[in-house]
Amino acid sequence: MAGSKRIGVLTSGGDCAGLNAVIRAVVLRAINTYGWQVIGVKQGTLGLLSRPPAHVELSLTDFTGPVLRTGGTILETTTRGDPFAFPMPDGSVADRSEEVIAGYRELDLDALVVLGGDGSFRIMRRLAEQGGIDLVGIPKTIDNDLSKTENAIGFVTAVNVATEALDRLQPTAASHSRLMILEVMGRDAGHIALASGLAGGADVILIPEIPYRLETIAAKIEALRKKEGRNFALMVVAEGVKTETGEAVTVTDTDAEGKPRYGGIGTYLGGRLPALTGADTRVTTLGHVQRGGVPSATDRILGSAFGVRAVDLVAEGRFGRMVVWQNRRVVDVPIEDAIATHRRVDVDGDLVKTARGLGVCFGDE
Ligand code: F6P
C-alpha cells in the first residue's frame, strides 16, 4: 500500500459522456486498493477559488446507483474562468492563480487527478508548476484531437449520437426526396464528422482538413441521382469547415480561450447547395446533444481503465503524466507532450481511404 493519501479529482472544460465512469473508477481504485480518501472538487478550478473550496468527499456508496450510466459530470465543470486571466465583475482581468493554489492547499490534498482537454491542461500544468501540485491527467474531449491518445473520453459516444442522427435523417430524407445536411461538433478536427459519416452511410463528408468546392458536391448529388436513381442524399459537415472562400462560420460570442465559437456552416451550405443541385435541402445542427446522454460502452471501459491507471500513477509517485490509449493499451505520457500538438484527421489515413473507397465525396475531387 502506497501510504495513506487524500487525493482530489476534478473535471475541467466542456463536459462529455463518460466522465462519471472515470470518477467512479478513481474512487473505487483509490478506496478499495489503497484505502485512500477521495475529494471531488466542484466546478473545476472555480471550486478551488471558492472559500471554503467547493468540494465533496466521495465514497463507494456514491457509485452504487446509476452514476456509471449517466452523462455529464457529478462534480460539475466550467469552461470559463482561467485563473491566470480571470474575468472580474468590473470588467477587468485578474491573475487569481495563487488563490486556486491556496484552495488546493486548504483541502490538504496529496495529489490531483484532472479530467480535461488541451485548454484545461495548459492551465493545470501552469498551476501545478507554480504551486507544486502533484498532477495526473486523464484525456477527455468529444473532438478527439489530443495527439497522444487514440481515443479521448466522450468521443465514441459523440460519434454514436451523430450516427444515430443520420439513422434518423435517412428515412425522412428518402420520404421527401431531400438532401439532409448534418452539422456536427469537433472544433478544428473532423474526427466526429468522418467517423459518424462512415458509420451512418453519408454520401458527402466535409471536414476542416480537406478543402472542398460546392460544384464537386453538386456533381456527386447529380451522380447519385443518375447512377443510383437515388432520390435523397446525406451529408455530414464538421463545424470547423470554412466557407468556400476560407472564412470560419461562427456564432457571435467567443469560447473560454477567447476564440470564436463555431456554428452555422451547415446553414451556409444549405443556403447555397439548392441552387446548384435543385435538391430540396434541410439542415440539422446537432450541437450539445453530442455531449450528453448515456455514455457508450467504449467510453465506460476506457474511462474505467484511465481512472484505475491514474490512481496507480499517484501511488507510484509519477506526476505530470497523462494516461492515454495507444495500441490497445493504457500507457502514460508527459502532459506537455500530450498537449503540444493537435491531432487532426490524417487525410491519407485508413478512414479517409475507406470512405473514398465507398465512393464518399469529400468535395475535393
Ligand atoms: O471541445 C468540445 C466542444 O463540444 C466542441 O466540439 C465545440 O465546438 C465546443 O466544445 C462547444 O463549446 P461550448 O460548450 O462552450 O458551447
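Worth saying up front: this structure is predicted, and the values here are computed from it rather than measured. (Residues numbered from 1 in each chain as written. Predicted model: local features only at pLDDT ≥ 70, side-chain atom pairs only at ≥ 80, totals over all residues. Heavy atoms only, no water.)

Student: What should I look at first to understand the domain arrangement of the chain in this one?
Tutor: You'll often see interface size given as the accessible area lost when the parts meet. Along its sequence, the chain is organised into domain 1 (6-153 + 295-326) and domain 2 (158-288 + 346-357). Inter-centroid distance (C-alpha atoms) of domain 1 to domain 2 is 33 Å. Taken together, the contact between domain 1 and domain 2 spans eight residues of the former and 12 residues of the latter. Of the roughly 760 Å² buried where domain 1 meets domain 2, counting both sides, 52% is carbon and sulfur surface. When the buried surface of domain 1 facing domain 2 is broken down by residue, R80, I142 and D143 rank first, second and third, together holding 60% of it. At the boundary of domain 1 with domain 2, the tally comes to one salt bridge. Here D143 and R187 are joined by a salt bridge, their closest N and O atoms 3.8 Å apart. Its residues assigned to classes, the side of domain 1 that touches domain 2 shows one nonpolar, four polar and three charged. (Domains from an automatic or database assignment. Contact = heavy atoms within 4.5 Å. Buried area = accessible area lost by both parts, 1.4 Å probe. Salt bridge = Lys/Arg side-chain N within 4 Å of Asp/Glu carboxyl O. Nonpolar A, V, L, I, M, F, W, Y, C, P; charged D, E, K, R; others polar.)

Student: Mind showing me how you'd approach the site of the ligand here?
Tutor: The environment of the ligand is formed by I142, D143, M185, G186, R187, E239, R261, H288 and R291. In the environment of the ligand, an oxygen atom lies 3.1 Å from a nitrogen or oxygen atom belonging to the backbone of G186. The separation between an oxygen atom of the ligand and a polar side-chain atom of H288 is 2.9 Å. Protein contact buries 84% of the 400 Å² of open area that the ligand shows by itself. Broken down by class, the residue content of the shell around the ligand amounts to two nonpolar, two polar and five charged. (Near = heavy atom within 4 Å. Polar contact = N/O pair within 3.5 Å; in protein donor to acceptor, adjacent residues only side chain to side chain. Areas by Shrake-Rupley, 256 points an atom, 1.4 Å probe, with all protein chains shown as cover.)

Student: Please clarify how the sheet that holds strand β9 (residues 204-206) should be interpreted in this entry.
Tutor: Pairing between sheet strands relies on hydrogen bonds along the backbone, with the strands arranged either parallel or antiparallel. Spatially, four strands are ordered β9-β10-β8-β13 in an open sheet, and the strand pairing comes out parallel. For this open sheet the edge positions go to β9 and β13 (280-285), each flanked by a neighbour on one side alone. Taken pair by pair, the neighbouring strands of this sheet meet at an average axis angle of 15°, ignoring direction. In this structure, β9 lies alongside strand β10 (residues 233-238), joined through three bridges in parallel fashion. Along β10, the bridge assignment pairs V204 with M235. Strands β8 (178-184), β9, β10 and β13 of the sheet are contacted by helix α8 (residues 265-277), whose axis makes an angle of about 160° with β8. (Pairing = 2+ DSSP bridges. Helix = DSSP H or I, 4+ residues; strand = E, 2+ residues; numbered from the N terminus. Axes fitted to C-alpha atoms, helices over the stretch in contact; angles between N-to-C directions.)

Student: Explain the packing of helix α7 (residues 214-228) against α8 to me, please; I cannot follow it from the model alone.
Tutor: Helix-helix packing is described using two parameters, namely the angle between the two axes and the distance between the axes. Two elements in contact, α7 and α8, have axes whose closest approach is 10 Å; the angle formed by their N-to-C orientations is 55°. When the axis of α7 is compared with that of α8, the two are oblique. The two elements α7 and α8 cross, and the hand of that crossing is right-handed. In this structure, α7 contributes L214, E215, I217, A218, I221 and R225 to the contact, and α8 contributes L269, R272, L273, L276 and T277. (Parallel < 35°, antiparallel > 145°, perpendicular 65-115°, else oblique. Left-handed = near helix turned anticlockwise from the far one by under 90°.)

Student: So what exactly am I meant to see when it comes to the environment of R300 here?
Tutor: Tracing the backbone through its elements, the reader meets R300 in helix α9 (residues 297-316). Not counting residues up to four positions away in its chain, the partners in contact with R300 are A21, L68, R69, V294 and P295. Within the local environment of R300, its side chain forms a polar contact with the backbone oxygen of P295, the two atoms lying 3.0 Å apart.

Student: Any chance you could explain the pattern of salt bridges here in plain terms?
Tutor: Two side chains carrying opposite charge are able to pair once their charged atoms lie near each other. If you walk through the whole model with that rule in mind, you get 24 salt bridges. For R344, the salt bridge goes to E209, with nearest N and O atoms at 4.0 Å. Placement of R344 in the loop between α10 (335-338) and α11 (350-358) and of E209 in the loop between β9 and α7 is noted, with a sequence separation of 135 residues between them. In this structure R344 comes out as partly exposed when scored by relative accessible area, which is 40%. Classification of E209 by relative accessible area gives buried; the value is 14%. The closest approach of N and O atoms between R318 and D332, which form a salt bridge, is 2.8 Å. Of the two residues, R318 is situated in the loop between α9 and β14 (321-326) and D332 in strand β15 (residues 329-334); the sequence distance between them amounts to 14 residues. Through salt bridges with shared partners, one network takes in R309, E316, R318, R321 and D332. (Buried < 20%, exposed > 50% of the residue type's maximum accessible area, 1.4 Å probe, protein only.)

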